[in-house]
Amino acid sequence: MSLKTYTPQRPLSDYIHMFWYWEDYHPPHPKERILPVGMMDLTINLADEAFQIETTQQDVRLQQRIYGPMVAGARSEYFVIDTTRPASLLSVWFKPGGALPFFGVTASELHNLHLPLETLWGIQASNLYCQLLEVSSLTERFHLLEKALLVRLQKSSERHRAVDYALKIFHTQPHTQKISQVTEQIALSPPRFIQLFREDVGMTPKLFCRIQRFQRALSLITSQPATDWAEIALLAGYYDQAHFINEFQSFSGITPTAYAPQDREHNTNLPVLD
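First, a word on scope: everything that follows refers to the structure included in this document. (Residues numbered from 1 in each chain as written. Predicted model: local features only at pLDDT ≥ 70, side-chain atom pairs only at ≥ 80, totals over all residues. Heavy atoms only, no water.)

### Considerations on the overall build of the protein chain
So, point 1. Within the protein chain, the secondary structure is distributed over ten helices and eleven strands.
So, point 2. What you see for the protein chain is a C-alpha radius of gyration of 19 Å, in line with the 19 Å of a compact globule of 274 residues.
So, point 3. In terms of its C-alpha atoms, the protein chain occupies a principal-axis envelope of roughly 55 × 50 × 35 Å.
So, point 4. By residue count, 49% of the 274 residues in the protein chain fall in the buried class.
So, point 5. Across the protein chain, contacts joining residues at least 24 apart in sequence account for 71% of those joining residues at least 6 apart.
So, point 6. Summing over all exposed atoms, the protein chain offers an accessible surface of approximately 13,900 Å²; the carbon and sulfur share of this is 50%.
So, point 7. Separation between the mean location of the 24 positive side-chain charges and that of the 28 negative ones in the protein chain comes to 5 Å. (Helix = DSSP H or I, 4+ residues; strand = E, 2+ residues; numbered from the N terminus. Rg over C-alpha atoms; globule rule 2.2 N^0.38 Å. Buried < 20%, exposed > 50% of the residue type's maximum accessible area, 1.4 Å probe, protein only. Contact = heavy atoms within 4.5 Å. Areas by Shrake-Rupley, 256 points an atom, 1.4 Å probe, with all protein chains shown as cover. Lys, Arg positive; Asp, Glu negative; His and termini not counted. Charge placed at Lys NZ, Arg CZ, Asp CG, Glu CD.)

### Digging into unusual backbone geometry
So, point 1. Cis geometry is found at the peptide bond from Arg-10 to Pro-11, where omega equals 10 degrees.
So, point 2. With a phi angle near 60 degrees, Asp-48 is a residue other than glycine that sits in the positive phi range.
So, point 3. Note on placement: Asp-48 falls in the loop between β4 (41–45) and β5 (51–57).
So, point 4. Residue classification places Asp-48 among the partly exposed residues on the basis of a relative accessible area of 48%.
So, point 5. Residue Asn-112 is not a glycine yet carries a positive backbone phi of 60 degrees.
So, point 6. Relative to the elements of secondary structure, Asn-112 occurs in the loop between α1 (100–103) and β10 (114–116).

### Brief notes about the packing of helix α3 (residues 123–134) against helix α4 (residues 138–154)
So, point 1. Where α3 meets α4, the axes come as close as 9 Å, and the angle between the chain directions of the two elements is 160 degrees. Regarding the angle of α3 to α4, the classification is roughly antiparallel. In terms of crossing hand, the pair formed by α3 and α4 is right-handed. Residues Gln-124, Leu-128, Gln-131, Leu-132 and Leu-133 of α3 form the contact with α4, whose participating residues are Arg-141, Leu-144, Leu-145, Ala-148 and Arg-152. (Axes fitted to C-alpha atoms, helices over the stretch in contact; angles between N-to-C directions. Parallel < 35°, antiparallel > 145°, perpendicular 65-115°, else oblique. Left-handed = near helix turned anticlockwise from the far one by under 90°.)

### Some remarks on the sheet that holds strand β9 (residues 87–94)
As a general point, the strands of a sheet are linked pairwise by backbone hydrogen bonds and lie either parallel or antiparallel.
So, point 1. Ordered by their spatial adjacency, six strands build an open sheet running β1-β2-β9-β4-β7-β10, and the pairing between neighbours is antiparallel. Of all the strands in the sheet, the pair left with one neighbour each is β1 (2–6) and β10. Looking at each pair of strands side by side, their axes are set apart by 20 degrees on average, direction ignored.
So, point 2. As defined by bridge partners, β4 adjoins strand β7 (residues 70–72) across three bridges and the pair is classed as antiparallel. Bridge pairing in β7 places Thr-43 opposite Met-70.
So, point 3. Along the sheet, α4 contacts β1, β2 (16–25), β4 and β9; its crossing angle with β2, the most-contacted strand, is approximately 140 degrees. (Pairing = 2+ DSSP bridges.)

Here's what the structure looks like:
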């Protein structure tokens, strides 16, 4: 397995963290639990295989098979993917709120959803997929994807400035900022701000900050050789250890002691052995 990344030029870099490509992704475990990060992505399997995704809603297990380019909305829930078949994955990892200009719908409409790109782009999605399959150079594939996204960006409107401001604040201090403190600075009522944030980012500001705090906890766990749960809870911004454990289970479906990531760099990918 080999992972390669590419950072697009501006203006795309204002909306996108990076493109990445993982050739021949075929881990030894049959499934992976993917933990929520609160951001959207676009992923294409160039190995001519369907994505097989398992989610749980109200204790009911649901399965999806999606072929070709797939859009994943900003998630606040984990999901499980089938890794039994080899995959070559080309993906766009959007910044928080960064995907809004590219898909023609609000991010809130895609919250916790996976769906074919064709649902949003129509025949353009199929054309892009065929073009990506026709070229063998990874550089060409990155550039094709970059060009397609630039075309979409030029036809879209900008994200609301109040959301940009809030995201900067939440990025630096997700566990200390309150909605009222942010709205005081942007001259919007709390209900209006929450509405705009949901439309642009895909979830409420409060839920987004909870997920960022959860992500900080994951980083702390994977960076420390010995795990002190009370210290991690404090450093991540939780009230106490019980609060941390409850939040961890809410987002991951497992306890912190059961958390065993694939590796430090991919700490939201958890091997599932059964």
